[in-house]
Amino acid sequence: MTFPATRPRRLRMNEVIRTMVRETRLSPDQFIYPLFVCPGEGVKKEISSMPGNYQWSVDRLVEEVRSVKALGIPGIILFGIPEKKDDRATSAYDDYGVVQEAVRALKREVPGVLVITDVCLCEYTANGHCGLVKGDEILNDESLELLAMSALSHAKAGADIVAPSDMMDGRVKAIRTLLDKNGYQNTPILSYAVKYASGYYGPFREAAESAPAFGDRRSHQMDPANALEALREVDLDIEEGADILMVKPAGPYLDIIRMIRDRYPYPVAAYQVSGEFSALTAAGKLGWLDLPRTMMESLIGIRRAGADIILTYFAKDAAKLLS
Ligand SMILES: [Zn+2]
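Structure report, in brief. Each residue is numbered by its place in its chain's sequence as written, counting from 1. Per-residue local features are limited, in this predicted model, to residues with pLDDT of at least 70; the limit for side-chain atom pairs, both in listing and counting, is 80 or more; totals at the level of whole chains, interfaces and linings are taken over all residues. With hydrogens and water stripped out, all remaining heavy atoms of the structure feed into the side-chain values.

1. A word on the packing of aromatic side chains
Stacked, tilted and edge-to-face are the three classes applied to pairs of Phe, Tyr and Trp rings, where Trp contributes its six-membered ring and a pair requires centres within 6.5 Å; stacked means planes under 30 degrees apart, edge-to-face means over 60, and tilted covers the rest. Inspection of every chain in the model, using the stated rule, returns 11 aromatic pairs. Ring centres of Tyr 271 and Tyr 313 lie 6.1 Å apart, and the angle between their planes is 45°; on these two criteria the pair is classed as tilted. With Tyr 271 in strand β11 (residues 268-272) and Tyr 313 in the loop between β12 (309-312) and α11 (315-322), this pair connects stretches of sequence that are 42 residues apart. For the pair shown, Tyr 271 and Tyr 313 are each scored as buried. Under the scheme used here, helices are H or I runs from DSSP no shorter than 4 residues and strands are E runs no shorter than 2 residues, and both carry numbers assigned from the N terminus. A 1.4 Å probe rolled over the protein chains alone gives each residue an accessible area, and that area as a share of the maximum for its type sets the label: buried under 20%, exposed over 50%, partly exposed in between.

2. Some thoughts on the packing of helix α7 (residues 228-240) against helix α8 (residues 254-263)
Geometry of a packed helix pair, given as the angle between the helix axes and the separation of the axes. Think of each axis as a best-fit line through the C-alpha atoms, taken over the contacting stretch in the case of a helix, with angles from 0 to 180 degrees between the N-to-C directions. Relative to each other, α7 and α8 sit at 45°, their axes nearing to 10 Å. Classed by the angle they form, the pair α7 and α8 counts as oblique. Two packed elements cross with a definite hand, and for α7 against α8 that hand is right-handed. Every residue of α8 that contacts α7 at Ala 230, Leu 231 and Val 234 is listed here: Ile 256, Met 259, Ile 260 and Arg 263. Working definition: roughly parallel below 35 degrees, roughly antiparallel above 145 degrees, roughly perpendicular at 65 to 115 degrees, and oblique for all remaining angles. Handedness of a helix crossing follows the sense of rotation of the near helix relative to the far helix, less than a right angle counterclockwise being left-handed and clockwise being right-handed. We call two residues in contact whenever any of their non-hydrogen atoms come within 4.5 Å of each other.

3. A short note on unusual backbone geometry
The peptide bond linking Phe 3 to Pro 4 adopts the cis configuration, its omega dihedral lying at 10°. In this structure, Pro 4 sits in the segment before α1 (15-20). Note that the residue after Lys 248, namely Pro 249, is joined by a cis bond; omega there is -10°. Mapped onto the elements of the fold, Pro 249 is located in the loop between β10 (244-248) and α8. For Met 167, which is not a glycine, the phi torsion comes out positive at approximately 65°. Within the element layout of this structure, Met 167 appears in the loop between β8 (161-164) and α5 (171-181). Phi angles above zero are rare outside glycine, and Glu 209 is one such case at about 50°. As for its placement among the helices and strands, Glu 209 is situated in the loop between α6 (202-208) and α7. When its relative accessible area of 36% is taken as the criterion, Glu 209 is described as partly exposed.

4. A look at the pairing of β8
Neither face of β8 is left uncovered, since the one carrying Ile 161 and Ala 163 and the one carrying Val 162 and Pro 164 both have all their residues buried. Note: strand β5 (residues 114-119) against β8, four bridges, orientation parallel. Bridge pairing in β8 links Asp 118 to Ala 163. Strand pairing follows a simple DSSP-based rule, namely that at least 2 bridges must link the two strands.

5. Overview of the environment of Thr 90
Here Thr 90 lies in the loop between β4 (75-80) and α3 (98-109). With a relative accessible area of 28%, Thr 90 lands in the partly exposed category. The sequence separation of Thr 90 and Asp 235 amounts to 145 residues, and the corresponding C-alpha distance is 31 Å. Distance and chemistry together define a polar contact, namely a pair of N or O atoms within 3.5 Å, with one atom able to donate a hydrogen and the other to accept it when in protein, and with adjacent residues in sequence counting only for side-chain atoms on both sides. Within the local environment of Thr 90, its side chain forms a polar contact with the side chain of Asp 86, the two groups lying 2.4 Å apart.

6. A word on the pattern of salt bridges
We define a salt bridge as a side-chain nitrogen of Lys or Arg found within 4 Å of a carboxyl oxygen belonging to Asp or Glu. Following the criterion strictly, the structure yields 17 salt bridges and no others. In this structure, Glu 109 and Arg 108 form a salt bridge, with 3.2 Å as the shortest nitrogen-oxygen distance. Its salt-bridge partner being Arg 258, residue Asp 262 comes within 2.8 Å of it at the nearest N-O pair. Here the residue Asp 262 and the residue Arg 258 both occupy positions in helix α8, the gap between them amounting to four residues, near one helical turn. You can call Asp 262 exposed: its relative accessible area is 56%. Judged by relative accessible area, Arg 258 falls into the partly exposed class, the value being 33%.

7. A few points about the nonpolar core
We define the nonpolar core as a collection of buried residues of types Ala, Val, Leu, Ile, Met, Phe, Trp, Tyr and Cys that are connected through side-chain atoms lying within 4.5 Å of one another. Of all hydrophobic cores here, the largest spans 109 residues; its most connected members are Phe 36, Leu 78 and Val 194. The greatest single-element share of this core, amounting to eight residues, is contributed by helix α4 (residues 141-157). Excluding residues that lie within four positions of it along the chain, Phe 36 makes contacts with Ile 47, Met 50, Tyr 54, Gln 55, Trp 56, Phe 79, Ile 81, Phe 204, Ala 207, Ala 208 and Tyr 313.

Next up, the structure:
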């Protein structure tokens, strides 16, 4: 049947009908909120390129996570800004490092909150690279041990999930093996399986103080032009023991999220990264976009593409609008 018998507008006539036939829904329990933890006490330092986001010392972080949980957001992902950086990223796998201390405090002070830790070396290496470096090469196999040691120290501190973001080949297997050997066979791995070498990470590098001193990340992160390669990356991570698959960034890669959702029977996470957050926030501040509306539209788009879980700096603002 066609017009005039068929009129799609009938189901758009009022909000009650629109709500009834809505295909995709957003809920705070689909969000994970990224947070940056730094040394010190009483620190809440705003990240200038990410308004409303801060570097927190552990004591202030605990308060912040309480308020995150109160909004119905089930979990957070932690990034660390260590006291010192060196060639071997020793603070990354120090059992008394800033992330490890934060995990212990959160598990003690905010029961029930899901604590995910980002596992990479770039916040901890003096040169800001994701692995050990020789000349201008980022070494793969030599970096795996340090990544696995980092994941293990997070698990020992009480992390509920570890999330390797480094994009070294074989890291999921190295982490799974070391966790299992030490009795952490029940700690899931959320793998940044498909992570593109993206310009949208710009503001994050200020937040995590992890900009590379030379070169870039194109020798390990994926070329934005490639989709089939994403399938190969996911195949490998599943084989190596990944429990949840992540695509990063989210907005410019909705086709990749959909492709992975359709092909793999695993939970899919998408990371709406700092640049996606900051671009919308800046346009909102200038009055060029309606920020609450475009924020919600960006999130529903990521869900519609197939993400089960969204890591987003909008988690708190969106949860407030949803309550
Ligand atoms: Zn990194």
